[in-house]
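# Topology and contacts: notes
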Amino acid sequence: MGNKTKGLLALVGLGALAYWKYKNSSPEQQQMVKDKFNNAKDNLNKWGNDIKDRANNVASQVQEKADEFKSQAQDTVNKAQETVS
């Protein structure tokens, strides 16, 4: 067997062990596991939203700089045309 197959079998085995342990645990312990998963999910969603917000901020800053350079270039072109005329 290759390393990928062994790794996949180990992962499936760990999943089966975790499922068996979860099913045989008390309702309080099951609720603790559910709470941990929900907390982790909420943290991942928050982290993803933070990254999205930062990316949008950077994109808007880049757009503002591009607009600024465009207006400066247009002003330079207009001044050059006035000088030539």
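In the annotation of an unreviewed UniProt entry, the protein is listed under the name YtxH domain-containing protein and assigned to Chryseobacterium nepalense.

Bringing the overall build of the protein into the picture now. When its secondary structure is counted, the protein shows two helices and zero strands. What you see for the protein is a C-alpha radius of gyration of 29 Å, clearly larger than the 12 Å of a compact globule of 85 residues, by over 25%. Taking the principal axes of its C-alpha atoms as reference, the protein extends roughly 90 × 40 × 10 Å. When the accessible surface of the protein is split by element, carbon and sulfur atoms take 59% of a total near 8,000 Å².

All right, on to a nonpolar patch on the surface then. On the surface, a cluster of nonpolar side chains totalling about 310 Å² of accessible area is made up of Leu8, Leu11 and Val12. With respect to the helices and strands, Leu8 occurs in helix α1 (residues 3-23).

Here is what the cut-offs are and how they apply
Residues numbered from 1 in each chain as written. Predicted model: local features only at pLDDT ≥ 70, side-chain atom pairs only at ≥ 80, totals over all residues. Heavy atoms only, no water. Helix = DSSP H or I, 4+ residues; strand = E, 2+ residues; numbered from the N terminus. Rg over C-alpha atoms; globule rule 2.2 N^0.38 Å. Areas by Shrake-Rupley, 256 points an atom, 1.4 Å probe, with all protein chains shown as cover. Patch = residues over 30% accessible without salt bridge, like charges linked within 9 Å, V, L, I, M, F, W, Y side chains within 5 Å. Salt bridge = Lys/Arg side-chain N within 4 Å of Asp/Glu carboxyl O.

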